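What follows is the residue order along each chain.
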Amino acid sequence: QVQLVESGGGLVQAGGSLRLSCAASGHTFSSPAVGWFRQAPGKEREFVALISSSGGNTYYADSVKGRFTISRDSAKNTVYLQVNSLKPEDTAVYYCARRARSGTTYDPSTYDLWGQGTQVTVSS
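This text gives an overview of the structure that appears in the document.

Moving on, we come to the nonpolar core. W36, V48, F68, L81 and Y94 are the most contacted members of the largest nonpolar core, which totals 32 residues. For this core, the secondary structure elements donating two or more residues are β3 (18-25), β4 (34-39), β5 (46-51), β7 (68-73), β8 (78-83), β9 (92-99), β10 (111-114) and β11 (118-123). Looking at this core, the element that brings in the most residues is β5, giving 5 residues.

Next up, the structure:
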């Protein structure tokens, strides 16, 4: 059974950092592009970052550009999201997802497999 499992979330003060992980089980993670999304209470799920299948191309939402870094380790079947200079508005559940088809990068419907999410809470 194919699964994505996120970890690494937690409670941090503003300005702090975390490294989120997205581990794939049941299949190799080397081929698909993988994205990170987040969802805050009462808000829609929003795109955060995407990494291509090779890892050579990355894309970021404007709100996180320069603060977040997405990377992948194919040998470990894991995609990471390094989140730095955290702000209270970054508080959300963070999800990783496997890209299923081409289309708008920030459109959740172009992703077909989602993890359960990891909570990131940033205190001011």
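Once the structure has been displayed, the description carries forward.
Here we take up the environment of L4. Its location among the elements puts L4 in strand β1 (residues 3-7). With 91 residues separating them along the chain, L4 and Y95 place their C-alpha atoms 9.3 Å apart.

With 5 of 6 residues buried, β5 lies mostly within the body of the structure. Two strands pair when backbone bridges link them, and β4 and β5 are joined in this way by 5 bridges, in the antiparallel orientation. Its bridge partner lying in β5, R38 is registered against E46. Where β4 hands over to β5, the hairpin turn is made up of 6 residues, of which G42 adopts a positive phi near 80°. Here 3 bridges tie β5 to strand β6 (residues 58-60), and the two strands are oriented antiparallel to one another. Residue pairing for β6: I51 is matched across the bridge by T58.

Turning next to unusual backbone geometry. Here the phi dihedral of N77 falls at roughly 55°; this positive angle occurs in a residue that is not glycine. Take N77: it is sitting in the loop between β7 and β8. The class for N77 is buried, based on a relative accessible area of 16%. For S85, which is not a glycine, the phi torsion comes out positive at approximately 50°. Judged by its relative accessible area of 41%, S85 is partly exposed.

Thresholds applied
Residues numbered from 1 in each chain as written. Predicted model: local features only at pLDDT ≥ 70, side-chain atom pairs only at ≥ 80, totals over all residues. Heavy atoms only, no water. Core = buried A, V, L, I, M, F, W, Y, C linked by side-chain atoms within 4.5 Å. Buried < 20%, exposed > 50% of the residue type's maximum accessible area, 1.4 Å probe, protein only. Helix = DSSP H or I, 4+ residues; strand = E, 2+ residues; numbered from the N terminus. Pairing = 2+ DSSP bridges.

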